[in-house]
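Observations on the model geometry
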Amino acid sequence: MSFSDGHNTTSTSLPEEFAITNVTVIAGDEMTVRPHSTLFVSGGRVRSVDTQPPPTDMSSVDGSSLIAAPAFVNAHTHIGDIVGKEDGFGLDSWRVVMPPDGVKVTLLAEAEDVAVIAAIRDAAHVMLASGTTTFADFRESGGHGLDLLERALDGLPLRSMAFGRHATHPPHTEDDLEANRGGLSPALVAEFEELIERVPVWSVPLAFDVTDEGLTHTARLVRQRGKLLATHCVETDRYRVISRQRFGESDVERVVRLLRPDHIVHMTNGTDEEFELVAKAGIPVVVAPRMQSVMGIGLPPIDRMVAAGVTVALGSDNGMLASPDLLREMEYVSRATRAARHDPSFPTPAELLKMATLNGAKALGLADELGSIEQGKRADIVLFDADSRNLRPVRNPLATVINRAVAADVRSVLVDGRLASGRLELASDRRASTATA
């Protein structure tokens, strides 16, 4: 696998093989609702979803008041800056995140390691409690940033995909950028060689700050090592303006032509032509609607992306201004998109749940392992309490999950078939299995 498995910390482990009976399962890649089902888990993977009861000697969980959904994949975070919650609130994006003196840049330069580690660890618990078992993080601060993430997640059953990047940005001088000359310097290549062994993905934060040769050079180095690539594009129109001034074409055009990343983040201000270009290249787009909205950038045009054939996934982005809770992300997208379109029909609950699960797994190259409750995939599952005061009576399980459910409605979260958060009671011997951290 191209991601690291966290260490399980359950106080009472579930059996290697067990069944959840009479449960409503949101199953398969199409997110099909299957009521009164039996969900079999064996060896940390989904064995099957069917209507047959388990053998009498198999451990089981009574799922009659539960909804089983695939665990969420948060496909884009900058989790470290959660140490500065609400710093930058009310400021535009350029003043919040851009080097060399954006609020985030200054914050991370001044924050003590112990504070960053504690904040990331708190965020990890928020993710697990709200159903996320895998998240992707654009790491800042080079190797030191990777160290902080590893220390923060130590002992937690949460999967992280750390995206490597250079410790300093941009990698070229202003003169070299204006002349569009030069690849990566020997020092940058040496830094890349050191970091790439520790990460499954390499990130180019801003393509308009890298020369054509630099993008080509980066892509060649990454692909030679069989790793993935990601970058940000047209978060604002300013990205396109700067790119055209320096290189004669938009950052999207350059990225598709020279970098060919495995996914692109944002494209909030993308054009229909750019969406079609990305779709034709088979590149998923990860959007972060709450973060883009709170900074006044705008609502990502998910409908236009989908119409162009783009695979769209969800991320929560910067922790300083958006919690890493995909339940909140889905609800916001559902309501804001319908309001902006004056159309209550899009996105459908199944489409939206895919954005938080299967499409995120696709963007991260993990769709064969994660993102849906499918035979053979890892048993990463969220079990919602359908009898909670907030959810009952459940009349439309899919719509309930994306439109109403909150973290308090999550009964338990499984990672590889093991209890990572919450509680489950085995019907066979009435043992209560409870996750702790």
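Anything mentioned here points back to the structure above.
Residues numbered from 1 in each chain as written. Predicted model: local features only at pLDDT ≥ 70, side-chain atom pairs only at ≥ 80, totals over all residues. Heavy atoms only, no water.

What follows is about the overall build of the protein. When its secondary structure is counted, the protein shows 16 helices and 18 strands. Over its C-alpha atoms the protein spans a radius of gyration of 22 Å, differing by no more than 12% from the 22 Å that the globule rule assigns to 437 residues. Looking at the 437 residues of the protein, the share that counts as buried comes to 60%. For the protein, long-range pairs separated by at least 24 residues make up 74% of all intrachain contacts whose partners lie at least 6 apart in sequence. Just so you have it, the protein exposes about 16,900 Å², and 47% of that area is on carbon and sulfur atoms. Of the side-chain charges in the protein, 44 are positive and 60 negative, and the distance between the mean point of each set is 4 Å. (Helix = DSSP H or I, 4+ residues; strand = E, 2+ residues; numbered from the N terminus. Rg over C-alpha atoms; globule rule 2.2 N^0.38 Å. Buried < 20%, exposed > 50% of the residue type's maximum accessible area, 1.4 Å probe, protein only. Contact = heavy atoms within 4.5 Å. Areas by Shrake-Rupley, 256 points an atom, 1.4 Å probe, with all protein chains shown as cover. Lys, Arg positive; Asp, Glu negative; His and termini not counted. Charge placed at Lys NZ, Arg CZ, Asp CG, Glu CD.)

What holds strands together in a sheet is hydrogen bonding between their backbones, with the strands either parallel or antiparallel. Pairing within the open sheet is parallel, and its 9 strands lie in the order β13-β12-β11-β10-β9-β8-β7-β6-β14. Both edges of this open sheet fall to β13 (312-314) and β14 (317-318), since each of them pairs with a single strand only. Pairing analysis gives 3 bridges linking strand β12 (residues 285-287) to β13, with the strands arranged parallel. If you follow V285 over to β13, its bridge partner there is V312. Each of β9 (201-206) and β10 (228-233) is contacted by helix α7 (residues 212-224), which is oriented at about 150° to β10, the strand it contacts most. Against the sheet, helix α13 (residues 326-341) engages β6 (72-78), β7 (132-138) and β13, with an angle of about 90° to β6. (Pairing = 2+ DSSP bridges. Axes fitted to C-alpha atoms, helices over the stretch in contact; angles between N-to-C directions.)

Under the defined criterion, the tally for this structure stands at 3 cavities of 30 Å³ or more. Lining the largest cavity are R165, H166, T168, H169, P171, L184, W202, S203, V204, P205, V210 and T218. Looking at the lining of the largest cavity element by element, the count peaks at 4 residues for β9. Its residues assigned to classes, the lining of the largest cavity shows 6 nonpolar, 5 polar and 1 charged. (1 Å grid on protein atoms, 1.4 Å probe; cavity = no way out; pocket = protein on both sides within 12 Å on 5 of 7 lines; lining within 4 Å. Points joined across faces, edges and corners; volume = space filled by probe spheres on them. Nonpolar A, V, L, I, M, F, W, Y, C, P; charged D, E, K, R; others polar.)

The next thing to look at is the packing of aromatic side chains. Throughout the structure, instances matching the rule amount to 5 aromatic pairs. Summarising the aromatic geometry, the rings of W94 and F208 are spaced 6.4 Å apart at their centres and angled 10° between planes, so their arrangement reads as stacked. Here the residue W94 occupies a position in helix α1 (residues 93-97), and F208 occupies one in the loop between β9 and α7, the gap between them amounting to 114 residues. By relative accessible area, which is 22% here, W94 ends up partly exposed. Exposure remark for F208: the relative accessible area of 3% places this residue in the buried category. Taken together through their ring pairs, the aromatic side chains of W94, F208 and Y239 make up a single cluster. Positioned above the aromatic ring of W94 is the side chain of R238, whose terminal nitrogen or guanidinium carbon lies 3.9 Å from the ring centre. Of note, R254 hangs over the ring of F247, and the distance from its end group to the ring centre comes to 3.6 Å. (Phe/Tyr/Trp six-rings, centres within 6.5 Å; stacked < 30°, edge-to-face > 60°. Lys NZ or Arg CZ within 6 Å of the ring centre and 35° of its normal.)

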